[in-house]
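Survey of secondary and tertiary structure
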Amino acid sequence: MNVSDIAVPLEDGVRVQARRLRHEKSAGPVLVFLHESLGNIALWKQFPRRLAEATGLDALVYERQGYGASSDEPLPRPYDYLEQEGRVWLPRLLDALEIDEVILVGHSDGGSIALIAAAVLGDRVKGLITMAAHTWADHLTLAGIRDMGRRYTEEGIREKLLRHHGERTDALFNAWQEVWLDEGFQRSMNFAPWLDAIQCPAMIIQGEEDEYGVPDQVTRIVEGIGSQATPVFMPETGHSPHLQQPERVLSLICDFLRAEIDQKSANYS
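Residues numbered from 1 in each chain as written. Predicted model: local features only at pLDDT ≥ 70, side-chain atom pairs only at ≥ 80, totals over all residues. Heavy atoms only, no water.

Re the side chain of S71
Tracing the backbone shows S71 in the loop between β4 (59-62) and α2 (81-96). On the basis of relative accessibility, which here comes to 10%, the residue S71 falls in the buried class. Looking at S71, its side chain comes within polar contact range of the main-chain nitrogen of R15, at 2.6 Å. Beyond its immediate sequence surroundings of up to four residues, S71 is in contact with G13, V14, R15, Q65, G66 and R168. (Helix = DSSP H or I, 4+ residues; strand = E, 2+ residues; numbered from the N terminus. Buried < 20%, exposed > 50% of the residue type's maximum accessible area, 1.4 Å probe, protein only. Polar contact = N/O pair within 3.5 Å; in protein donor to acceptor, adjacent residues only side chain to side chain. Contact = heavy atoms within 4.5 Å.)

So this is what it looks like as structure tokens:
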């Protein structure tokens, strides 16, 4: 598999850092990975490569504005920043790279963005997998974010994030925490209209011990999407199923794609 890291110029002077994983011969949609609230390309670890190898599909992993090596983001974040990412910036990135058909794989904030993008991109999206996505700020989400403020300094999380985000780490962390704890943002967050527009097969995953989301996050998403959505609750799993139970998640996704997505040339194992 060929792996290349590229800086992709978009409109308005924005530059997005991306990693492409491509097989010598590949057919079918491109797996597109959307990272969590404090994530970047590296924090996915080996999961994108392993899923690309297991499915025979090419993959794209990228860093949103304000993260890793991508352009700075305008601060403070607007209340609709998740919608902007899914409605504006991801479609622009795919167009710039001339990627047409995709399967979206999103974690946490990235899962929420994937829901928006699946609604906006229509039949370009052939499948949707979310892990720990949220469509509103529930009490576990807010409690977890408040606790992270303490852990950020007391448990060395800041030092770990500095390796991935450099001098922008504090600004990134504060932007995330401040917008989610803003009551105006909490009142405005409503993804129900987007869910109704999603037409592709979807698998909505959440750990049963997710410290950042109640089980209703999954059931409401599935109800909003309709019969083409499948809920998956993973026992003994927290907020990051792909890191905590990678073998199980790889198997679940491969089975889902094999059953739901018509891939003439994909080599699901």
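The rest of the description comes next.
A look at the environment of A52
Secondary-structure assignment places A52 in helix α1 (residues 47-55). Among the residues examined, A52 registers a relative accessible area of 0% and is labelled buried. Note: C-alpha distance between A52 and D100 (48 residues apart in sequence) is 17 Å. With residues up to four places along the chain from it excluded, the contact list for A52 reads M1, H23, L31, L57 and A59.

A short note on α2
Over its 16 residues, α2 runs 21 Å from end to end, which matches the ideal 22 Å to within 8%, given 1.5 Å per residue. In α2, a bend of some 30 degrees at W89 exceeds every other bend along the element, and P91, a proline, comes one to four places later. When we look at burial in α2, the residues that qualify are Y81, L82, E83, E85, G86, V88, W89, L90, P91, L93 and L94. Directly beyond the C-terminal end of α2, a positive phi value near 55 degrees is found at E98. (Expected span 1.5 Å × (residues − 1). Bend = angle between axes of the 7 residues up to and from the residue.)

Comments concerning the layout of surface pockets
In this model, the largest pocket occupies a volume close to 670 Å³. Every residue lining the largest pocket is counted, 26 residues in all, and those nearest its centre are E36, L38, M148, R151 and S240. Within the residue set of the lining of the largest pocket, elements represented by two or more residues are α4 (139-154), α5 (157-165), α6 (169-180) and α10 (241-244). Here the residues of the lining of the largest pocket sort into 10 nonpolar, nine polar and seven charged. By volume, the second largest pocket is sized at about 190 Å³. Around the second largest pocket sit R64, Q65, Y67, E73, P74, R77, P78, Y81, Q84, E85 and W89, which together line it. Of the residues contributing to the lining of the second largest pocket, the split by class is five nonpolar, two polar and four charged. (1 Å grid on protein atoms, 1.4 Å probe; cavity = no way out; pocket = protein on both sides within 12 Å on 5 of 7 lines; lining within 4 Å. Points joined across faces, edges and corners; volume = space filled by probe spheres on them. Nonpolar A, V, L, I, M, F, W, Y, C, P; charged D, E, K, R; others polar.)

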